[in-house]
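Residues per chain, in single letters:
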Amino acid sequence: MEATKEFGLRNVSSICSMSEMDDYDLTKLLDKPRLNLKREKSFDERSLSELSIGLARGLDNFESSYSPGGRSGYDTPGSSARNSFEPHPMVAEAWDALRRSLVFFRSQPVGTIAAYDHASEEVLNYDQVFVRDFVPSALAFLMNGEPDIVKNFLLKTIQLQGWEKRIDRFKLGEGAMPASFKVLHNPDRKTDSVVADFGESAIGRVAPVDSGFWWIILLRAYTKSTGDLTLAETPECQKGMRLILSLCLSEGFDTFPTLLCADGCSMIDRRMGMHCQSSLSPSQSTTLGDLCIGIYGYPIEIQALFYMALKCSLAMLKPDAEGKDFMEKIVKRLHALSYHMRSYFWLDFQQLNDIYRYKTEEYSHTAVNKFNVIPDSIPDWVFDFMPTRGGYFIGNVSPARMDFRWFALGNCVAILSSLATPEQSAAIMDLIEERWEELVGEMPIKICYPAIESHEWRIVTGCDPKNTRWSYHNGGSWPVLLWLVTAACIKTGRPQIARKMIELAENRLLKDSWPEYYDGKLGRYVGKQARKYQTWSIAGYLVAKMMLEDPSHLGMISLEEDRQMKPVIKRSSSWTC
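Residues numbered from 1 in each chain as written. Predicted model: local features only at pLDDT ≥ 70, side-chain atom pairs only at ≥ 80, totals over all residues. Heavy atoms only, no water.

## Quick look at the packing of helix α20 (residues 482–491) against helix α22 (residues 535–549)
Where α20 contacts α22, the axes come no closer than 7 Å and their chain directions differ by 20°. By the angle between their directions, the pair α20 and α22 is classed as roughly parallel. For the crossing formed where α20 meets α22, the hand is left-handed. In this structure, α20 contributes Leu482, Trp483, Thr486, Ala487 and Ile490 to the contact, and α22 contributes Gly540, Val543, Ala544, Met547 and Leu548. (Axes fitted to C-alpha atoms, helices over the stretch in contact; angles between N-to-C directions. Helix = DSSP H or I, 4+ residues; strand = E, 2+ residues; numbered from the N terminus. Parallel < 35°, antiparallel > 145°, perpendicular 65-115°, else oblique. Left-handed = near helix turned anticlockwise from the far one by under 90°. Contact = heavy atoms within 4.5 Å.)

Structure, rendered in structure tokens:
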């Protein structure tokens, strides 16, 4: 497809003459020296052996759970000494597909396009480099000993952050990061140019809240993987982190430490409101305000990414005059946010029973039902879905409203960031095992569960034809989430769960040409509007495979709990804590 080829799928020789970039040359920063430090091999504070012994739960440890012998097909740093299993035939195909998606700016790779789908008639924005989409690609390249593309990407996006950002006549905050960017090659003039999207071209014109968080998390992953401290310490990266944090830590009228967000500000970039009683009928008197909360409000995905980005920033900010002030704010926010999320977003069998018995209209600081949740608003499905062993962070909590749906990304990031306590992390894994058919089915893993449908779907999504039941963001199955759930499985000592999911994916992904998502309750069907050769589906598979081969890679994207933040709450913590 010519339109796709135009945007960076080949190395275009170009002359550095882009007018809007003249005062900020990427190559100048790329020439800065690197520290030749040994790559970190531990899980931050815990070694692989400690994790295996402490959290294996009676299962074989990591070493014995992999088949012996065989040469690795990845050539990852450190893997030559631990070639633990034969590469699957899909691996080479996946690497070829990933490299076809590379985007070049002035002959330097700066990212990967969202999808390389020849069969699709409309390119839309799938020919762009998305910040969130590039994260699994970046991790794959880091694990494969190719950090330069990640460094280029980090520098290019922080450069774009400095652009003036306007939607109509409104100017966005200085710290806002782009959702995506496109590289345009002019072969006649031999010049390259960049066009960035900060939300002004997005569906619904919503700025991406998650882009800045993913950028900070990826900067920390790069630093952890390479030992190169100089990139994070550059004035550009230090200023970029402070600008992102200033948007999130500014004072206002909020009574919660969580971030208030609009619909469509993250991976779920369309309107997806609160799941309510499935028995709702068109004849019942219901307003949109009674239903819509889901992604609008305080979504678990954003809160978990916010928490993780704060912890990453705390480790990378310089304690100078400007950085010290932010570090103090971060510590205070982390304490408040961890308590709030662990207390009010957590749901297990005991907590569900407590909410079911709540009294309403309580007043004063002694109230047990602090958010005045009406027990009759608890949807019927959650009583059957909740096992006696297991739990999860629910989708959203705000006054008088709770979204009880399961969201995979938020729960996995909660584990990796240690927002979830060790007990809560284990309970999330228990839930996945207990509800395997609902959450995994035939293609891992459900982005959210359950789907909204019928009259509720019409009201909540506005009759969105892409988010019909069990499709796309409304209960679809997304292979990209493999890397996140694999990382969570390894951290909690459950690698066998990840291995089962990867085996399921290997039955279909290559044969189906690496689709973006799958539809149906069990994820049996390629999504009705899913793009083929979706880059993050490819990269997510590669990262999951490489982490199982060499679990020390987990150190790039896993953070351990600060002992000072350990709460005085138990596994089945009630709101009375």
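Read on for the rest.
## Thoughts on the pattern of salt bridges
With the rule as written, the count across this model stands at 17 salt bridges. Note that Arg342 is salt-bridged to Glu561, the shortest N-O span being 3.3 Å. Of this pair, Arg342 sits in helix α13 (residues 321–345) while Glu561 sits in the segment after α22; the two residues are 219 residues apart in sequence, bridging distant segments of the chain. Glu561 gets classed as buried once you look at its relative accessible area, which sits at 8%. Put simply, Arg469 and Glu453 hold a salt bridge, and the shortest N to O gap is 2.8 Å. Residue Arg469 is found in the loop between α19 (454–461) and α20, and its partner Glu453 is found in the loop between β11 (448–449) and α19; the two are separated by 16 residues along the sequence. You can call Arg469 exposed: its relative accessible area is 51%. For Glu453, a relative accessible area of 29% puts it in the partly exposed group. Counted as one network, the salt bridges with shared partners bring together Arg389, Asp430, Glu433, Glu434 and Arg494. (Salt bridge = Lys/Arg side-chain N within 4 Å of Asp/Glu carboxyl O. Buried < 20%, exposed > 50% of the residue type's maximum accessible area, 1.4 Å probe, protein only.)

## Digging into the side chain of Asn474
Here Asn474 is to be found in the loop between α19 and α20. Given a relative accessible area of 0%, Asn474 falls into the buried group. Within the structure, the side chain of Asn474 is placed 2.8 Å from the backbone oxygen of Ile452, a separation counted as a polar contact. Only 3.1 Å separates the side chain of Asn474 from the backbone oxygen of Asn467, close enough to count as a polar contact. (Polar contact = N/O pair within 3.5 Å; in protein donor to acceptor, adjacent residues only side chain to side chain.)

## What to know about the environment of Lys151
Relative to the assigned elements, Lys151 resides in helix α7 (residues 148–161). Considered as a pair, Lys151 and Ala138 are 13 residues apart in the sequence and their alpha carbons are 9.3 Å apart.

## Quick notes on unusual backbone geometry
Across the junction of Pro444 and Ile445, the peptide omega takes the value -10°, indicating a cis bond. By the element assignment, Ile445 lies in the loop between α18 (436–439) and β11. With an omega dihedral of -5°, the bond running from Tyr449 to Pro450 counts as a cis peptide bond. Inspection of the secondary structure puts Pro450 in the loop between β11 and α19.

## Here we look at the side chain of Arg220
Relative to the helices and strands, Arg220 resides in helix α8 (residues 210–226). Given a relative accessible area of 9%, Arg220 falls into the buried group. Among the polar contacts listed, one links the side chain of Arg220 to the backbone oxygen of Gly555, at a separation of 2.8 Å.

## Some remarks on the pairing of strand β9 (residues 391–398)
Within β9, 8 of the 8 residues are buried, which leaves the element mostly enclosed by the surrounding structure. By the bridge criterion, 4 bridges tie β9 to strand β10 (residues 401–407) in an arrangement that is antiparallel. Counterpart to Ile394 in the pairing with β10 is Trp406. (Pairing = 2+ DSSP bridges.)

## Thoughts on the sheet that holds strand β7 (residues 191–197)
Spatially, β3-β6-β7 is the arrangement adopted by the 3 strands of the open sheet, whose pairing is antiparallel. Only two strands of the sheet have a single neighbouring strand rather than two, namely β3 (129–130) and β7. Examined bridge by bridge, strand β6 (residues 180–186) and β7 share 7 bridges and lie antiparallel to one another. Looking across to β7, one finds that Phe181 is bridged to Ala196.

## Some details on the nonpolar core
Leu139, Trp215, Tyr392, Trp406, Ile432 and Ile557 are the most contacted members of the largest nonpolar core, which totals 160 residues. Ranked by the residues each element gives to this core, the list is headed by helix α12 (residues 300–316), at 11 residues. Inspection of this core shows a minimum of three residues originating in each of domain 1 (86–253 + 480–514 + 534–564) and domain 2 (254–275 + 292–424). Excluding its chain neighbours within four sequence positions, the residues that come into contact with Ile557 are Leu139, Arg220, Ala221, Met308, Leu416, Trp483, Ala487 and Met547. (Core = buried A, V, L, I, M, F, W, Y, C linked by side-chain atoms within 4.5 Å. Domains from an automatic or database assignment.)

## Thoughts on the packing of aromatic side chains
Where two aromatic rings form a pair, the distance of their centres and the angle of their planes describe that pair. Under the definition given, this model contains 20 aromatic pairs. Taking 5.7 Å as the distance between ring centres and 50° as the angle between the ring planes, the aromatic pair formed by Trp514 and Tyr541 counts as tilted. Taken together, the positions of Trp514 in the loop between α21 (495–506) and β12 (518–519) and Tyr541 in helix α22 put the pair 27 residues apart, joining distant regions of the chain. Each member of the pair, Trp514 as well as Tyr541, is classed as buried. Through a chain of ring-to-ring contacts, the aromatic side chains of Trp381, Phe385, Tyr392, Trp406, Tyr449 and Trp470 assemble into a single cluster. In this structure, Lys156 packs its charged tip against the face of Phe105, placed 3.8 Å from the ring centre. Geometry around Trp436 places Lys500 over its ring, the cationic atom sitting 4.4 Å from the centre. (Phe/Tyr/Trp six-rings, centres within 6.5 Å; stacked < 30°, edge-to-face > 60°. Lys NZ or Arg CZ within 6 Å of the ring centre and 35° of its normal.)

## Points about the packing of helix α10 (residues 235–248) against α12
Between α10 and α12, the shortest axis-to-axis distance is 11 Å and the interhelical angle comes to 140°. Classified by the interaxial angle, the pair formed by α10 and α12 is oblique. α10 and α12 meet at a crossing whose hand is left-handed. Contacts from Gln238, Met241, Leu245 and Cys248 in α10 reach Phe306, Leu310, Ser313 and Met316 in α12. Residue composition of the contact of α10 with α12, by class: 6 nonpolar, 2 polar and no charged. (Nonpolar A, V, L, I, M, F, W, Y, C, P; charged D, E, K, R; others polar.)

## Overview of the state of the cysteines
What the rule picks out here adds up to 0 disulfides. Looking at the unpaired Cys412, the closest cysteine sulfur is the one in Cys489, lying at 7.5 Å. (Disulfide = S-S within 2.5 Å.)

## Examining the sheet that holds strand β8 (residues 346–348)
Taking strand neighbours across the sheet as the criterion, the 4 strands line up as β8-β9-β10-β11 in an open arrangement whose pairing is antiparallel. On the outer flanks of this sheet lie β8 and β11, each paired with one strand and no other. For β8 and β9, the ladder comprises 3 bridges, and the chain directions are antiparallel. Looking at β9, one finds that Trp346 is bridged to Phe393. Across the sheet, helix α14 (residues 349–356) touches β8 and β10, and the angle it forms with β8 is around 100°.

## Details of the confidence of the model for the protein chain
The predicted model of the protein chain has a mean per-residue pLDDT of 80, with 75% of residues at 70 or higher. Here residues 273–294 is a poorly scored stretch, pLDDT under 50, and it has 59 contacts once near neighbours within four places are set aside; other chains count. Counting interchain partners and residues more than four positions distant, the pLDDT-below-50 stretch residues 567–577 has 33 contacts. (pLDDT = per-residue confidence, 0-100.)

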